[in-house]
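Chains, contacts and geometry: an overview
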Amino acid sequence: MYSRISDLIHRYSDLTPCAGDITAAFEMLKTIFEAGGKLLICGNGGSAADSEHIVGELMKGFRLRRPLPAADRERLSTANPDQANYLATHLQGALPAVALVGHSSLFTAFINDVAADMVFAQQVYGLGRPGDALLSISTSGNASNVLNAVRVARAFGLHTLGLTGPSGGTLRELCDVTICVPGADTAQIQEHHLPVYHTLCSMLEETFFGPPQ
């Protein structure tokens with residue numbers, strides 16, 4: 001599966017300096033999912049859309065089919081004998097991931113009642129557990145609401161992963177692992193983010209749902 005990183009670098013040679021951090025990010029995410037943890041993801045604007053996109057690749061089939069394991073099919077059969085086949089056929093293996101950007105009622109209430117730059121932090125505090133991971137996406141690495149989420153995550157035992165631009169900003173200083181992609185502006189940085197997280201999602205899918213190695 002590490003060949004995915006080589007393929008990424010072959011297609012996007014300017015990501016060559018990021019190869020080590022991409023590998024470290026994969027190892028981190030593999031570890032948290034193996035231990036039964038979940039991934040929280042946050043970002044603003046286009047990075048909010050990327051947060052939702054990543055969840056879509058992790059929570060359902062991306063490149064591979066993800067049939068349920070026999071033990072889960074059996075549980076469905078025991079609980080729902082008449083509908084078991086339909087349920088088992090139309091469920092897919094999932095890696096637990098939550099985009100913090102989609103909770104509009106909580107967002108608007110917290111922004112209005114408390115503080116706009118703490119809304120992601122509040123979600124990390126409420127949803128995060130030791131051993132989970134937070135993926136924070138910021139093209140500048142300096143978005144205050146993203147940085148506050150990382151600070152809270154670190155305090156409560158979550159692993160922290162950053163996806164940002166060439167300078168890394170403050171995000172680079174705070175995260176356990178930070179992938180700093182090249183780009184002269186926001187659009188170029190975001191264009192590099194997509195193949196990076198697609199590569200990570202592919203590697204994770206192959207690890208947990210691919211054929212035995």
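The present account deals with the structure reproduced in this document. (Residues numbered from 1 in each chain as written. Predicted model: local features only at pLDDT ≥ 70, side-chain atom pairs only at ≥ 80, totals over all residues. Heavy atoms only, no water.)

This part takes up the overall build of the chain. The helix and strand inventory of the chain stands at ten helices and five strands. For 213 residues, the compact-globule estimate of 2.2 N^0.38 gives 17 Å, and the C-alpha radius of gyration of the chain, at 18 Å, lies within 12% of that figure. Considered along the principal axes of its C-alpha atoms, the chain spans approximately 55 × 50 × 30 Å. Buried residues in the chain amount to 45% of all 213 residues. Sequence-distant contacts in the chain: of pairs separated by 6 or more residues, those separated by 24 or more amount to 70%. (Helix = DSSP H or I, 4+ residues; strand = E, 2+ residues; numbered from the N terminus. Rg over C-alpha atoms; globule rule 2.2 N^0.38 Å. Buried < 20%, exposed > 50% of the residue type's maximum accessible area, 1.4 Å probe, protein only. Contact = heavy atoms within 4.5 Å.)

What follows concerns the packing of helix α1 (residues 3–11) against helix α2 (residues 19–34). At a minimum axis separation of 11 Å, α1 and α2 run at an interaxial angle of 145°. Classified by chirality, the crossing of α2 by α1 is right-handed. Here α1 contributes Ile5, Leu8 and Ile9 to the contact with α2, which in turn contributes Ala19, Ile22 and Thr23. (Axes fitted to C-alpha atoms, helices over the stretch in contact; angles between N-to-C directions. Left-handed = near helix turned anticlockwise from the far one by under 90°.)

On to the nonpolar core, then. In terms of nonpolar packing, the biggest core is built from 58 residues, with Leu39, Leu58, Phe120, Val124, Leu134, Ile179 and Val196 touching the most fellow members. With near-sequence residues (within four places) excluded, Val124 lies in contact with Leu40, Leu100, Leu134, Ala149, Val152, Ala153 and Leu158. (Core = buried A, V, L, I, M, F, W, Y, C linked by side-chain atoms within 4.5 Å.)

Spatially, β2-β1-β3-β4-β5 is the arrangement adopted by the five strands of the open sheet, whose pairing is parallel. Taken across any chain shown, the strands that pair with only one partner, and hence form the sheet edges, are β2 (97–99) and β5 (177–180). With direction set aside, neighbouring strand axes in the sheet form an average angle of 15°. Pairing of strand β4 (residues 159–164) with β5 involves four bridges; the strand directions are parallel. Counted as the bridge partner of Leu163 is Ile179 from β5. Its contacts with the sheet place α2 against β1 (39–43), β3 (133–137), β4 and β5, and it is angled at close to 140° to β5. Along the sheet face, helix α7 (residues 119–127) touches β1, β2 and β3 and points at about 175° away from the line of β1. (Pairing = 2+ DSSP bridges.)

This brings us to the pairing of β4. Of all six residues in β4, five are buried; the element is thus mostly enclosed. Relative to β4, β3 runs parallel, the two being bridged by five bridges. Bridge pairing in β4 places Leu135 opposite Leu161. A crossover connection joins β3 to the parallel β4 through helix α8 (residues 144–155); in handedness this β-α-β unit is right-handed. (Right-handed = clockwise from strand over helix to strand, strands pointing away.)

Turning to its location among the elements, Thr199 is positioned in helix α10 (residues 186–209). Aside from chain neighbours lying at most four places away, what touches Thr199 is Arg4, Ile5, Leu8 and Arg11.

This brings us to the pattern of salt bridges. Under the criterion given, the structure shown has five salt bridges. Of the charged contacts in the structure, one is a salt bridge between Glu206 and Arg4, with a shortest N-O distance of 2.6 Å. Highlighted residues: Glu206 in helix α10 and Arg4 in helix α1, separated in sequence by 202 residues. A salt bridge links Lys38 to Asp132; the nearest nitrogen and oxygen atoms lie 2.6 Å apart. Of the two residues, Lys38 is situated in the loop between α2 and β1 and Asp132 in the loop between α7 and β3; the sequence distance between them amounts to 94 residues. (Salt bridge = Lys/Arg side-chain N within 4 Å of Asp/Glu carboxyl O.)

Tallying each qualifying case throughout the model produces four aromatic pairs. Considering the side-chain rings of Tyr2 and Phe26, the 5.6 Å spacing of their centres and the 90° angle between planes classify their relative orientation as edge-to-face. Of the two residues, Tyr2 is situated in the segment before α1 and Phe26 in helix α2; the sequence distance between them amounts to 24 residues. (Phe/Tyr/Trp six-rings, centres within 6.5 Å; stacked < 30°, edge-to-face > 60°.)

Interpretation note: all reported values are geometric properties and have no functional meaning in isolation.
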